[in-house]
Amino acid sequence: MASSSSLLSEDQFLCSICLDVFTEPVTTSCGHNFCMVCIINYWDSKDLYQCPLCKETLYRQPELRVNTTLREVRDAEREITDSIQVFTALVRSIEKSQAELIEVIEEKQKAVERQAEGLIKDLEQEITELKRRSTDLRQLSQTEDHLQLLQNYPSLVYKHLPTKNMSEISVHSALCVGTVMKAVSQLDETLNKEMEKFPEVKLKRIQQYAVDVTLDPDTAHHKLILSEDGKQVRHGDTELNLPDNPKRFDRHCIVLGKDGFSSGKFYYEVNVKGKTRWTLGVARESIDRKGEITLTPEDGLCVVYRRDVNVYKASNSPPVLLFLRKKPQKVGVFVDYEEGLVSFYDVEARSHIYSFTGCTFKEKLFPIFGPSENDENSAPLIISHVNHTG
């Protein structure tokens, strides 16, 4: 059976407005496809709701829904392209290592050949000298002048012959073993570096699912201070005089995002620079707001948190200690609702932090933020703008 990509031309995967691969593709009533953001921005800049391709005029802005089939064909094609780029880099690294290895082996071979040529030359000189002496001795043995024999014999027999002790000279047959080991070690290092690019490629792709997250003041604990634009939260030490309501957390210093998500994919980034403790992730809508909360997916929380100086954990059951090479300054959170996936990324290092997999979501998920108490931890958590890198 022919694959979906073989039935469609490359141009059919491109938005005619941005000329790039579709991101959240939507289909208009006239049958043309565009990125959701592209067509909305296009209509915002025009007086009429008109198709950019066929110019069909609509009397009002239609309700746009993501073309899930085309999007899934958007994600498969994009992943294939990204994977090809990474493996192409791997092949180039292998070819380069192979060329360097051959060059080193050839140089060592030439050095051994030069050593062997020198040894052969020395041996030939010794053989020539021995043959000359053998001839002289043969001639001397045939003389009848005994006086001459007695005079010349010592000089022929006992004269020092500048020979070398060949037993101390060896040519190693395994001359390339060390070189091969070194090349394999370098190749392993290169492979590790290339494999590290997968999270970078993945992050670049999932940033296309960025959503505008703002904090919900109705859910904020009494000690939390939110900025007017709803993009920052910090701990205020003293309780604020806020009205109580069923949505507000009264035990834990956390706050939720205003909007929940019950399908699809979404992504957002949070600046944690200057903080020694924080909690980030997603929570299901029915999470208990008025009592103790257990940090586990079973109780509705998929979060990563930092405690003390260098203690990072994922709220699995039991908690998973994370070993991070760098302290994240900006954390990206990605959710694929249908896949039951919640992933965390170090945005600046372009690296993967942790993923919750195999989750079953049956209700709305909300971004959750916990700035923790102060004590040299007064910096706010800041929901930052996502800079698309690809």
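Whatever comes next refers back to the structure up there.
Read on for an overview of the structure. Only a predicted model underlies this, so the values are computations on that prediction, with no experimental measurement involved. (Residues numbered from 1 in each chain as written. Predicted model: local features only at pLDDT ≥ 70, side-chain atom pairs only at ≥ 80, totals over all residues. Heavy atoms only, no water.)

## Things to note about the pattern of salt bridges
Pairing of side chains with opposite charge becomes possible as their charged atoms draw close. Let me state the cut-off plainly: Think of a salt bridge as a Lys or Arg side-chain nitrogen and an Asp or Glu carboxyl oxygen that are within 4 Å of each other. Helix and strand assignments follow DSSP, with helices taken as H or I runs no shorter than four residues and strands as E runs no shorter than two, numbered in order from the N terminus. Working definition: with a 1.4 Å probe on protein chains only, accessible area under 20% of the residue-type maximum means buried, over 50% means exposed, and in between means partly exposed.
Under the counting rule described, the total for this entry stands at four salt bridges. Between Asp212 and Lys231 there is a salt bridge, with its nearest N and O atoms 2.4 Å apart. Here Asp212 is found in the loop between α6 (197-206) and β5 (224-226), whereas its partner Lys231 is found in the loop between β5 and β6 (232-235), with 19 residues between them in sequence. A residue is classified by how much of its surface remains accessible, and Asp212, at 60% relative accessible area, is exposed. Between Lys265 and Asp336 there is a salt bridge, with the nearest N and O atoms lying 3.8 Å from each other. On the criterion of sequence distance, the pair formed by Lys265 in strand β8 (residues 265-271) and Asp336 in strand β13 (residues 330-336) is long-range, its members being 71 residues apart.

## Thoughts on the packing of aromatic side chains
The test is simple: Any two of the Phe, Tyr and Trp rings considered here, Trp counted by its six-membered ring, make a pair once their centres fall within 6.5 Å; the pair's planes then place it as stacked at under 30 degrees, edge-to-face at over 60, or tilted in between.
Across all of its chains, the model carries eight aromatic pairs by this definition. Here Trp43 and Tyr49 contribute two aromatic rings whose centre-to-centre distance is 5.8 Å and whose plane-to-plane angle is 80 degrees, an arrangement assigned as edge-to-face. For Trp43, a relative accessible area of 2% gives the class buried. With centroids separated by 5.1 Å and ring planes inclined at 80 degrees, the aromatic side chains of Tyr354 and Phe356 adopt a geometry described as edge-to-face. Neither residue differs from the other here; Tyr354 and Phe356 are each classed as buried. Pairwise contacts between aromatic rings join Phe344, Tyr354 and Phe356 into one cluster.

## Observations regarding helix α2 (residues 36-44)
Structurally, the α-helix is built with 3.6 residues per turn, so residues lying three or four positions apart point the same way. Quick reminder of the rule: By construction, the arc corresponds to the directions joining the helix axis to the C-beta atoms. The contact definition used throughout considers only heavy atoms, calling two residues in contact when any of these lie within 4.5 Å.
For α2, the full list of buried residues reads Cys38, Ile39, Tyr42 and Trp43. Along the axis of α2, the buried residues cluster in a sector spanning 125 degrees; they form a single face. What points out from α2, more than 90 degrees from its buried face, is the exposed set Val37 and Asp44. Close packing links the buried residues of α2 with β1 (25-27), β2 (33-35), β3 (49-50) and β4 (57-58).

## So, the sheet that holds strand β17 (residues 381-384)
Sheet strands associate in pairs through backbone hydrogen bonding, adopting either a parallel or an antiparallel arrangement. Cut-off, in case you're wondering: Should DSSP find at least two bridges between two strands, the strands are regarded as paired. To obtain each axis, a line is fitted to C-alpha atoms, and for helices this fit is confined to the stretch in contact; angles are then taken between N-to-C directions over 0 to 180 degrees.
Ordered by their spatial adjacency, seven strands build an open sheet running β5-β6-β17-β8-β13-β14-β15, and the pairing between neighbours is antiparallel. Two strands in the sheet have a free side with no partner beyond their single neighbour: β5 and β15 (351-356). Across the sheet, the mean angle from the axis of one strand to that of its neighbour is 25 degrees, orientation sign disregarded. Direction of pairing for β6 relative to β17: antiparallel, over a ladder of two bridges. By the bridge assignment for β17, Gln232 is matched with Ile382.

## Examining the sheet that holds strand β11 (residues 311-314)
The six strands lie next to each other as β7-β16-β9-β10-β11-β12, forming an open sheet whose pairing is antiparallel. Strands at the two margins of the open sheet, each flanked by one partner only, are β7 (255-256) and β12 (320-322). One ladder, built from six bridges, connects strand β9 (residues 278-284) with strand β10 (residues 301-307); its direction is antiparallel. Within β10, the residue paired with Ala283 across the bridge is Leu301.

## Focus on empty space enclosed by the protein
The test is simple: In the cavity and pocket records, a cavity denotes points on a 1 Å grid over the protein atoms alone where a 1.4 Å probe fits but cannot get out, a pocket denotes an open set with protein on both sides within 12 Å along at least 5 of 7 lines, and lining residues are residues with an atom within 4 Å of a point. Grid points are joined across faces, edges and corners, and a volume is the space filled by probe spheres set on the points. Gly falls in the polar group here, along with every residue not listed as nonpolar (Ala, Val, Leu, Ile, Met, Phe, Trp, Tyr, Cys, Pro) or charged (Asp, Glu, Lys, Arg).
In total, this model carries two cavities of 30 Å³ or more according to the counting rule given. Here the second largest cavity is characterised by a volume of approximately 30 Å³. The wall of the second largest cavity is formed by Thr28, Cys30, Trp43, Gln50, Cys51, Glu56 and Leu58. Residues of the lining of the second largest cavity, tallied by class, amount to four nonpolar, two polar and one charged.

## So, the environment of Arg289
So the rule is basically this: The definition of a polar contact used here is a pair of N or O atoms within 3.5 Å, where within protein one atom must be able to donate a hydrogen and the other to accept one, and adjacent residues in sequence count solely through side-chain atom pairs.
Of note, Arg289 is situated in the loop between β9 and β10. Arg289 gets classed as buried once you look at its relative accessible area, which sits at 11%. The sequence separation of Arg289 and Arg248 amounts to 41 residues, and the corresponding C-alpha distance is 6.1 Å. A polar contact is formed between the side chain of Arg289 and the backbone oxygen of Lys247, at a distance of 2.8 Å.

## Examining the pairing of strand β16 (residues 365-370)
Working note: regular strand, side chains alternate between the two faces of the sheet. Counting buried residues in β16 gives six out of six residues, a clear majority hidden from the surface. Where β7 meets β16, two bridges bridge the pair, whose relative direction is antiparallel. Paired with Leu256 across the bridge in β16 is Ile368.

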